[in-house]
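One-letter residues, chain by chain:
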Amino acid sequence: MKQPVNKKLGENLVKLVSLLNDGQYHDGTTIGHELHMTRSAVWKLIKKLKSYHIKLDSIKGKGYALVEPLILLDIQRIKSALNEVNVTIFESVDSTNAYLRSIKQCDAINICLAEQQTQGRGRFNRKWHSPFAKNIYLSCLYPFQKEVSELSGLSLVVSLAVIKTLQNAGVNEKLFVKWPNDILHDHKKISGSLIEIRAETHGACHAIIGVGVNVNMLADEDEFISQAWTSIQQTLNTYIDRNKVCMSLLNNLFDYLQRFEQEGLLPFVSEWSAADCLTHQWIAVANVNETVEGRVMGINEQGHLLLELKNGNTRAFASGDTSIVKK
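Residues numbered from 1 in each chain as written. Predicted model: local features only at pLDDT ≥ 70, side-chain atom pairs only at ≥ 80, totals over all residues. Heavy atoms only, no water.

A. Geometry of the overall build of the protein chain. Across its full length, the protein chain holds nine helices and 15 strands. Relative to the 2.2 N^0.38 estimate, which gives 20 Å for 327 residues, the radius of gyration of the protein chain is 21 Å and therefore close to what a compact globule would have. With the principal axes as the frame, the protein chain shows a C-alpha extent of 75 × 50 × 40 Å. Sorting the 327 residues of the protein chain into buried and exposed places 51% on the buried side. Restricting the contact set of the protein chain to residue pairs at least 6 apart, pairs at least 24 apart contribute 63%. Taken as a whole, the protein chain presents about 16700 Å² of accessible surface, with 47% of it coming from carbon and sulfur. For the protein chain, the distance from the average position of its 36 positive side-chain charges to the average position of its 34 negative side-chain charges is 7 Å. (Helix = DSSP H or I, 4+ residues; strand = E, 2+ residues; numbered from the N terminus. Rg over C-alpha atoms; globule rule 2.2 N^0.38 Å. Buried < 20%, exposed > 50% of the residue type's maximum accessible area, 1.4 Å probe, protein only. Contact = heavy atoms within 4.5 Å. Areas by Shrake-Rupley, 256 points an atom, 1.4 Å probe, with all protein chains shown as cover. Lys, Arg positive; Asp, Glu negative; His and termini not counted. Charge placed at Lys NZ, Arg CZ, Asp CG, Glu CD.)

This is the structure we're talking about:
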């Protein structure tokens, strides 16, 4: 089986898209002059954009124009909002989480972003649809001076940081979280996360936190997505600069993670309760071996879901796939 090729995001591609983003036509000679490259190199970049299904119009004698707005991720803008954090941006990568798993030095914060993932995954190994330059595919390697057992509830805290980011972007009403990590707007999924935790020596550990946010995706022509979904652009009816959302997401994420490391889950419980869409609902929790129905009674101090069963007993779930049961 041929292994996917991970390609760093090239500066020339970013510059070309920035040049074309005025919506005007630009011919190859002018583009080459502006970007200090040959017409052949320009043509290769144009061809690359087309291969990623970016809509370009071309008129002989006038050149190329973007049919729709497009702003690529800009590593300098994103790094300007961070202090001493390693940032890598890929044009295409198998998975941002997988890339961070390959890093041997885990005592520093590392961020990986990609314009496209070829093998992105969500929980339960579900494929995460990752069209080029539409959404945010972000992973963060974060070292904790904690035991693995102390990180129970981390996915809930990450979800709250994502909600804060969406609110910062202007998505305010009908925004909820479905335990443990699905963010919904008007009952449609707009974001999700995948967290992998690994123990190290001396009681420390690190987490790889993968976050996907639907930003400018307006259609799913190939019907990759099996559930109701939406995006920030669909919600606000305007094109969104993903760099701004990335910067906001990282700032919120670091704020929430630092507080979680210092104080644990308890300070976030009321914020979680306000955002939770499952409390008092009759739901089904599906695990590998069973599916259990009951009424949600909130979460415990570890962030586990509390379910009141038909027999009146309460059971805590550390993981599982939740769905509301329609009576």
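Moving on from the model shown.
B. Here's a closer look at unusual backbone geometry. Note the cis peptide between Trp179 and Pro180, where omega equals 0°. In this structure, Pro180 sits in the loop between strand 7 (175-178) and strand 8 (182-185). Positive phi outside glycine occurs at His53, with the angle close to 65°. With respect to the helices, strands and loops of the structure, His53 is situated in the loop between helix 3 (39-51) and strand 2 (56-59). For His53, a relative accessible area of 70% translates into the label exposed. For Lys174, which is not glycine, the phi torsion reads 60° and is therefore positive. Looking at the element boundaries, Lys174 is found in the loop between helix 6 (154-168) and strand 7. On the basis of relative accessible area, Lys174 is assigned to the partly exposed category, the value being 49%.

C. Here's a closer look at the packing of aromatic side chains. In the structure shown here, the tally under the stated rule is five aromatic pairs. On the numbers, 4.0 Å between centres and 5° between planes, the contact of Tyr52 with Phe132 is stacked. Of this pair, Tyr52 sits in the loop between helix 3 and strand 2 while Phe132 sits in the loop between strand 5 (110-114) and strand 6 (136-144), placing them 80 residues apart in sequence. There is no split in this pair, since Tyr52 and Phe132 are both buried. Between Phe90 and Tyr99 the ring centres are 4.9 Å apart and the planes differ by 70°, which places this aromatic pair in the edge-to-face class. Just above the ring of Tyr256 sits the side chain of Arg259; from NZ or CZ to the centre is 4.6 Å. (Phe/Tyr/Trp six-rings, centres within 6.5 Å; stacked < 30°, edge-to-face > 60°. Lys NZ or Arg CZ within 6 Å of the ring centre and 35° of its normal.)

D. Focus on the sheet that holds strand 10 (residues 205-213). Taking strand neighbours across the sheet as the criterion, the eight strands line up as 1-4-5-6-10-9-8-7 in an open arrangement whose pairing is mixed. Of all the strands in the sheet, just strand 1 (7-8) and strand 7 have a single pairing partner and so form its edges. Alignment of strand 9 (residues 188-199) against strand 10, held across nine bridges, turns out to be antiparallel. Pairing of Ile197 across the sheet is with Ala207, part of strand 10. Along the sheet, helix 6 contacts strand 6, strand 7, strand 8, strand 9 and strand 10; its crossing angle with strand 9, the most-contacted strand, is approximately 140°. (Pairing = 2+ DSSP bridges. Axes fitted to C-alpha atoms, helices over the stretch in contact; angles between N-to-C directions.)

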